[in-house]
Amino acid sequence: MGQLIYSSLLLYKDWKVYLAATTKGLCFIGMHHSSFEELVQFCNKQFPHCEIIEDKEKLIPYEKELIEYFEGKRKQFTFSFDINGTAFQKRVWEALCDIPFGQTKCYSDIAYEIGKPNAVRAVGTAIGANPVSIAIPCHRVIGKNGTLTGYSGGLDVKEKLLNHEGIQYKV
């Protein structure tokens, strides 16, 4: 038997969020356009031979903080993660965590912050590989000219998250 992964679907107001966690921390957040099948594919890739068990109770701490975020009562998450990535991806994800609620940065800002100013495209790829969007706030990265750019969860979800945080952007 492989790694145990607990999953649940959080339906809160007009938010639909698939969650998965190990005993070490949250490993997956899938938004509106995600599916349980996507969660399974991700978990099987990241944790070969894993066993996925639906267990809403194990996900309550994560759901609680997400609901607080959706209600405007939380601006930062305190739970731990169990995510895998390259050293470069992890540096990018750490830089994303430093973007305060209600603020944005562009891809070149992140590249500069991690000491790789010429790696803007690689930064974009690392951001797209973020398995725990919202918690690691990749939605706060927009184009240098202030426009919306790609978002693995769909641009409509990125717009919704930016609007939720009161962030201005160009359409």
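Keep in mind that this is a model prediction, so the values were computed, not measured. For every chain, the first residue of its written sequence is number 1, and the numbers climb from 1 along that sequence. Only residues with pLDDT of 70 or above have their local features reported here, since the model is predicted, and side-chain atom pairs are shown and tallied only from 80 upward, although totals for entire chains, interfaces and linings are computed over all residues. Remark: hydrogens and water are excluded; side-chain values derive from all non-hydrogen atoms of the structure.

1. Focus on the sheet that holds strand β1 (residues 4-12)
Okay, so step 1: By definition, two strands form a pair when at least two bridges between them are found by DSSP. Strands are runs of DSSP state E lasting at least 2 residues, helices are runs of H or I lasting at least 4, and numbering of each runs from the N terminus. Here we have 4 strands laid out as an open sheet, ordered β3-β2-β1-β4, and mixed in their pairing. Pairing within the sheet leaves two strands with one partner each, and these edge strands are β3 (26-30) and β4 (51-54). The mean inter-strand angle of the sheet, taken between neighbouring strand axes irrespective of direction, is 25°.
Okay, so step 2: The pairing of strand β2 (residues 15-21) with β3 spans 4 bridges and is classified as antiparallel. Note that in β3 the partner of Y18 across the bridge is G30. Orientation is described by lines fitted to C-alpha atoms, with helices fitted over the stretch in contact, and by angles between N-to-C directions that extend from 0 to 180 degrees.

2. Overview of the packing of aromatic side chains
Okay, so step 1: Any Phe, Tyr or Trp ring, taking Trp's six-membered ring, that has another such ring centre within 6.5 Å forms a pair; planes under 30 degrees apart are called stacked, those over 60 apart edge-to-face, and the others tilted. By the definition in use, this model includes 8 aromatic pairs.
Okay, so step 2: Measuring from ring centre to ring centre gives 5.6 Å for Y69 and F77, while their planes differ by 45°; the resulting arrangement is tilted. The exposure classification of Y69 matches that of F77, with both residues buried.
Okay, so step 3: In textbook terms, an aromatic cluster arises when at least three aromatic residues are bridged by ring pairs, as seen for W15, Y62, Y69, F70, F77, F79, F81 and F101.
Okay, so step 4: Sitting over the face of the ring of Y6, K58 holds its NZ or CZ atom 5.1 Å from the ring centroid. Accessible area is worked out with a 1.4 Å probe on protein chains only. A residue is then buried under 20% of its type maximum, exposed over 50%, and partly exposed in between. Note on geometry: a ring has a charge over it if NZ (lysine) or CZ (arginine) is within 6 Å of the ring centre and within 35 degrees of the ring normal.

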